[in-house]
Amino acid sequence: MPIAFIPFSMRASVREDHRRTFRTDIERLSDGHLRWTPLDVLRSTNTQAEFRGAVHKGPHTATDASLARYLEDRLAAENIHLDLSVTIER
């Protein structure tokens, strides 16, 4: 059975304690480094970036907040530390 993917938009903001790595982190997100969710950069500055993406459906896609927590945890495991705000496209 095929896996359903949920489209979302995401705003990533720099964390003060990770300001030096923000640009590198955004480049890692946009170059396909994360194989578990495809992301396209729509716009970025030195403190924020906007993305569109898709993630497999699951309990983490129940709310915008649960998806933001899920993505922050997954990114932290990749040593990418960003504050996220997510909107699931319904």
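A brief report on the enclosed structure follows. Each chain has its residues counted from 1, running along the sequence as written. Selection of residues for local features in this predicted model requires a pLDDT of at least 70, selection of side-chain atom pairs for listing and counting requires 80 or more, and totals for whole chains, interfaces and linings are taken over all residues. Hydrogens and waters are ignored; side-chain quantities use all the structure's heavy atoms.

Turning our eyes to something else, we now look at the overall build of the protein chain. In DSSP terms, a helix is any run of H or I states spanning at least four residues, a strand is any run of E spanning at least two, and both are numbered starting from the N terminus. Scanning the protein chain from terminus to terminus reveals 2 helices and 4 strands. Counted from the first residue to the last, the protein chain has its helices and strands arranged as β-α-β-β-α-β. Atoms counted for the radius of gyration: C-alpha only. Globule rule: 2.2 Å times the number of residues to the power 0.38. For a compact globule of 90 residues, the expected C-alpha radius of gyration is about 12 Å, and the protein chain comes in at 12 Å, within 12% of that figure. Its C-alpha atoms give the protein chain principal-axis dimensions of roughly 40 × 25 × 25 Å. For each residue, the accessible area found with a 1.4 Å probe, counting protein chains only, is set against the maximum for its type, and the residue is called buried under 20%, exposed over 50%, and partly exposed in between. Residues counted as buried form 38% of the 90 residues belonging to the protein chain. We call two residues in contact whenever any of their non-hydrogen atoms come within 4.5 Å of each other. Sequence separation of at least 24 residues holds for 65% of the intrachain contacts in the protein chain that already meet a minimum separation of 6.

Spatially, the 4 strands line up as an open sheet ordered β2-β3-β1-β4, and their pairing is antiparallel. Each edge of the sheet is formed by a strand with only one pairing partner; in this case those strands are β2 (39–44) and β4 (82–88). With direction set aside, neighbouring strand axes in the sheet form an average angle of 25°. Lying on the sheet, helix α1 (residues 22–30) is in contact with β1 (5–14), β2, β3 (48–56) and β4; it crosses β3 at an angle near 35°. Pairing between strands is defined by DSSP: at least two bridges between the two strands are required. Convention adopted: a line fitted to C-alpha atoms gives each axis, helices being fitted over their contacting stretch, and angles between N-to-C directions are expressed from 0 to 180 degrees.

Let us now look at the pattern of salt bridges. One speaks of a salt bridge when a side-chain nitrogen belonging to Lys or Arg is within 4 Å of a carboxyl oxygen belonging to Asp or Glu. As enumerated under the stated definition, the model contains 6 salt bridges in all. Of the charged contacts in the structure, one is a salt bridge between E16 and R19, with a shortest N-O distance of 2.6 Å. A relative accessible area of 40% means that R19 is categorised as partly exposed. D25 is the partner of R28 in a salt bridge, and the nearest nitrogen-oxygen pair spans 3.9 Å. Here the residue R28 and the residue D25 both occupy positions in helix α1, the gap between them amounting to 3 residues, near one helical turn. A relative accessible area of 3% means that D25 is categorised as buried. Overlapping salt bridges, with partners in common, bring together R11, R43 and E50 in one network.

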